[in-house]
Structures are given as C-alpha cells and as structure tokens.
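Breakdown of the fold
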Amino acid sequence: QNPDPLILALPKVELHLHIEGLLSPALKWKFATRNKITLTHPSTNRVFANLAEYEDSHDPMKSHSKISGSGEKLDNSEETLSFFEAYYGGFEVLKTKQDYYDLGMYYFHRAAEMNVRYCELFFDPQGHTKTGVTWEIMMEGFREAQEEAERELNVRSSWILCFLRDSPPEEAMQHYTAALPYRDMIVGIGLDSYEVDRPPSLFAEVFARARQDGFRITAHCDVGHSYPLEHVQQVVSESKLGMDRVDHGLNAAASPEMIASIKARGGEFGMTICPWSYIRHQPLEEVFKGIRVLFDAGVRMAIGSDDPAFMEDTWVLENLLAVKRFCGFSDGEMVKLARDAVMICWAEAGVKEGIL
Ligand code: HPA
Ligand code: ZN
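Residues numbered from 1 in each chain as written. Chains lettered and ligands numbered in written order. Predicted model: local features only at pLDDT ≥ 70, side-chain atom pairs only at ≥ 80, totals over all residues.

Looking now at the overall build of the chain. When helices and strands are tallied, the chain shows 16 helices and 8 strands. Taken over C-alpha atoms, the radius of gyration comes to 19 Å for the chain, in line with the 21 Å a tight globule of 356 residues would show. Excluding contacts between residues fewer than 6 apart, the proportion of contacts in the chain whose partners are at least 24 apart in sequence is 78%. (Helix = DSSP H or I, 4+ residues; strand = E, 2+ residues; numbered from the N terminus. Rg over C-alpha atoms; globule rule 2.2 N^0.38 Å. Contact = placed C-beta atoms within 7 Å.)

Rendered as structure tokens:
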C-alpha cells in the first residue's frame, strides 16, 4: 500500500525521535529473551507470561498516558502501564553493544525506506546508566549502526543527548561530562521526561556549558498541552536560555507574541512538531489548526514521530500524511514543510545542500 507517492519520495530529515521510543513490546520481548531477562510489571511485579499479555499491558486504548499530567484515564486498570512506566521499563532489556546496534539499525532501515536522509536522534543516557550499562556499550553500539547506515543506506545521523528533567541538574552535569569522549557523535543537548514543575531554566548551568563547548541546545516544552507557555518563552528568549530549537511547544500557536519571538530568532531556529503525539491528549482539530497557524506565520518546523512504538506504530511518514490531510496542505506546501525541516537541522552545510 503506497499512501502518497509525493510524500514518500520527499527527501526527509527527522529531528524528533527518541531511539528508546522504538522499543515496542515485541522488540522488548525479543531483547529480553535474548538476554534472559524476565519482564515484570513495574508496579505490581507480576511476571508477564507471554508476549500477548505484555502487549496488552501497553495498550494505549486502555489508558491515557500520564504524560499530560492531567491524570486522565479511560480505564483504571492497575495492569495497564502509563507512558513513562512502559517507556523507561523498556531500557532494562538493553544490555549489550549488539542490542544498541540492533536498535539503531531497526530505525535506520525504516528511515531509508521513508527516504529519511539525515536524522538527529534523541537518547536518554541516564536511563541506561541506571540499569548498569556502560557508556562504551551504549555509544559503540550506536556508533556501529550509525556508520553502517551512512555507508550502506545513505542515511546520515547525529545524536542529541537528553537530560531527564525530573532528575537533579547535578546528575545531568555528571552525564554531560561523561558524554564528552563521544562528542564526535553528538550534535546537541536536549531535555525530556516528565515536565510538571520542571522548567528548562533549572538546567541553565549545564546548558550554558554545553553551548560554550559548541553543542546546539534544545528542550521539550508543553508535552501533552498542559504546561506553561513560560517554558517555551525560556527556550526562545535570548535574554533567558536562548536555545537553538524548541521541541513541541505547540501552545505557542495561540500566542501572537510568542510566534513573533520565534520568528525573530530567524536563522536555523525552529520547532519540532509531532502531531501523533499530541492527539493522544488534545482534540485533533486543535492540533492541526495550531500547526497551520505556525506554518502560515512562517515559523519553520520539522515534523517528527517522537515515540513510534507508543503511538500506534506511526513514523515520520504517517505524521507527514496526517499533516497533509488534516491541515489541508497542498503538495507545494508539503514541499516547503520538508525543506524547512532541512533548513533548521544541525547538519553541516554540505549535507543540507545535498538534501535540499
Ligand atoms: N515526552 C517526554 N519525554 C519523553 C517522551 C515524550 O513523549 N518520549 C521520550 N521522552
Ligand atoms: Zn519527544
């Protein structure tokens, strides 16, 4: 089934994908079996007897993820995992360099099929060191996949190291320092995880240091449409953190002042927008109206997929198709959208020109 030849053929960049967000129940089951790990429910400690049971616990229709902070749930089943339980629970199955390589290649093969030419992939090292994995295992596995993808699949990539905003800033600083031996693989530093009462400014010191060292910086804002516009403001405003990008931040669409501030940043400044991620929490019409408003105002954005395994297996292609359909974009507008994403990516000029 070929959904839309033009969208499929567009040369793409993907700037918002969490590599750990690819860990579907089936993939986790595969790694767990290989590593002789018993999968248990994080709250009840019940052992999952088989893949079907495990898949059932991830059923997004059984529970709205707690990511929005609203606590909204369709069902009170104790057995159904929240988004973060399921997401961080996935980390424990990754043990060896081979696992990290396989996870990387799982993405890069799919990326090649969708004509993704360059990507910036988020990873959450704090979640991996917590399970006892070393930096070397993680980064050398990723590196091998990355090099093979460039060589064999014509997919280039770089990494964005994300700090967990619900962990202390000191821990972020320790992980930043530990990452420096791998800086040739890492283009940027980001901020993700649970956003309640965790504004980006809490991490000002480590971000300032990363900027000085030559990294680009970005932060997730308004994940789930229930967080203060102040978070976006801190990221955008040069008198505050003045970062290089905002991840999500769709609440900016309702504020003409914020749109003006974003536009004033010019250059490579842009937003990453993941529609399928928002429609779990927010009415569909509101999501696509917001995207339309930003696009019409001339804000540059890159459409991304966030966590495909947690969003009904939707990838950048499906997210672009949703934008085309629900924003009512013409083919010409879709081409502009794809080119804007290339313009805001952090690849070297030569790589960008090769994609445009
Ligand atoms: N939201 C916040 N943090 C995350 C997400 C997300 O969807 N995925 C991975 N880390
Ligand atoms: Zn994200």
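Moving on from the coordinates now.
This part takes up the pairing of strand β1 (residues 12-18). The buried fraction of β1 amounts to 7 of the 7 residues, a majority that puts the element mostly inside the structure. Of the pairings in the sheet, the one linking β1 to strand β2 (residues 116-123) comprises 5 bridges and is parallel in character. Looking at β2, one finds that Lys12 is bridged to Val116. (Buried ≥ 20, exposed ≤ 12 C-beta atoms within 10 Å, placed from the backbone. Pairing = 2+ DSSP bridges.)

Turning our attention to the domain arrangement of the chain. Many descriptions give the size of an interface as the accessible area lost when the pieces come together. Once the domains are mapped, the chain shows domain 1 (5-23 + 96-355) and domain 2 (26-87). When each unit is reduced to the centre of its C-alpha atoms, the spacing between domain 1 and domain 2 is 25 Å. (Domains from an automatic or database assignment.)

It is worth spelling out the site of ligand 1 at this point. Taken together, 11 residues lie around ligand 1, and His18, Asp192, Ser193, Val223 and Asp307 are the ones closest in. Counted by class, the shell around ligand 1 contains 3 nonpolar, 5 polar and 3 charged residues. (Near = placed C-beta within 6 Å. Nonpolar A, V, L, I, M, F, W, Y, C, P; charged D, E, K, R; others polar.)

Our focus in this paragraph is the confidence of the model for the chain. In this model, the chain carries an average pLDDT of 94, and 94% of its residues clear a pLDDT of 70 or more. Two numbers describe this predicted complex: its pTM, 0.95, and its ipTM, 0.95. (pLDDT = per-residue confidence, 0-100.)

Turning our eyes to something else, we now look at the nonpolar core. Ranked by size, the top nonpolar core spans 103 residues in total, and within it Val13, Ile303, Ala341 and Cys345 carry the most contacts. Of the domains in this structure, domain 1 (5-23 + 96-355) and domain 2 (26-87) are the two that each give at least three residues to this core. Once residues within four sequence positions are removed from consideration, Val13 is found in contact with Val116, Arg117, Tyr118, Cys119, Ala302, Ala341, Val342, Cys345 and Ile355. (Core = buried A, V, L, I, M, F, W, Y, C linked by C-beta atoms within 7 Å.)

In space, the 8 strands of this open sheet follow the order β1-β2-β3-β4-β5-β6-β7-β8, with parallel pairing throughout. Strands at the two margins of the open sheet, each flanked by one partner only, are β1 and β8 (301-303). Adjacent strand axes in the sheet meet at a mean angle of 25°, parallel and antiparallel pairs treated alike. (Axes fitted to C-alpha atoms, helices over the stretch in contact; angles between N-to-C directions.)

Our focus in this paragraph is the environment of Ile273. Structurally, the position occupied by Ile273 is in strand β7 (residues 270-273). With 30 C-beta atoms packed within 10 Å, Ile273 lands in the buried category.

Moving on: helix α14 (residues 316-327). With 12 residues, α14 ought to run about 16 Å at 1.5 Å a step, and its terminal C-alpha atoms sit 16 Å apart, in line with that. Val316, Leu317, Asn319, Leu320, Val323, Lys324 and Cys327 are the residues of α14 that are buried. Down the axis of α14, the buried set is contained in an arc of 165°. They therefore lie on one face. Taken from the residues just after α14, Gly328 is the one with a positive phi, measuring 65°. (Expected span 1.5 Å × (residues − 1). Arc of directions from axis to C-beta.)

Turning our attention to the environment of Arg110. Considering the arrangement of structural elements, one finds Arg110 in helix α5 (residues 97-113). The class for Arg110 is partly exposed, based on 17 C-beta atoms found within 10 Å. On a C-alpha basis, the gap between Arg110 and Arg209 in space is 35 Å, while along the polypeptide they are 99 residues apart.

Let's shift gears to the pairing of strand β4 (residues 186-192). Among the 7 residues of β4, 6 are classified as buried, and the element is accordingly described as predominantly covered. Bridge count between strand β3 (residues 156-164) and β4: 6 bridges; the pairing is parallel. Residue pairing across strands places Ile160 opposite Gly188, the latter belonging to β4. Chirality of the crossover, the property in question, places the unit of β3, helix α8 (residues 169-179) and β4 among those that are right-handed. With 2 bridges joining them, β4 and strand β5 (residues 216-221) adopt parallel strand pairing. Each bridged residue has a counterpart across the sheet, and for Ile189 the counterpart in β5 is Ile217. (Right-handed = clockwise from strand over helix to strand, strands pointing away.)

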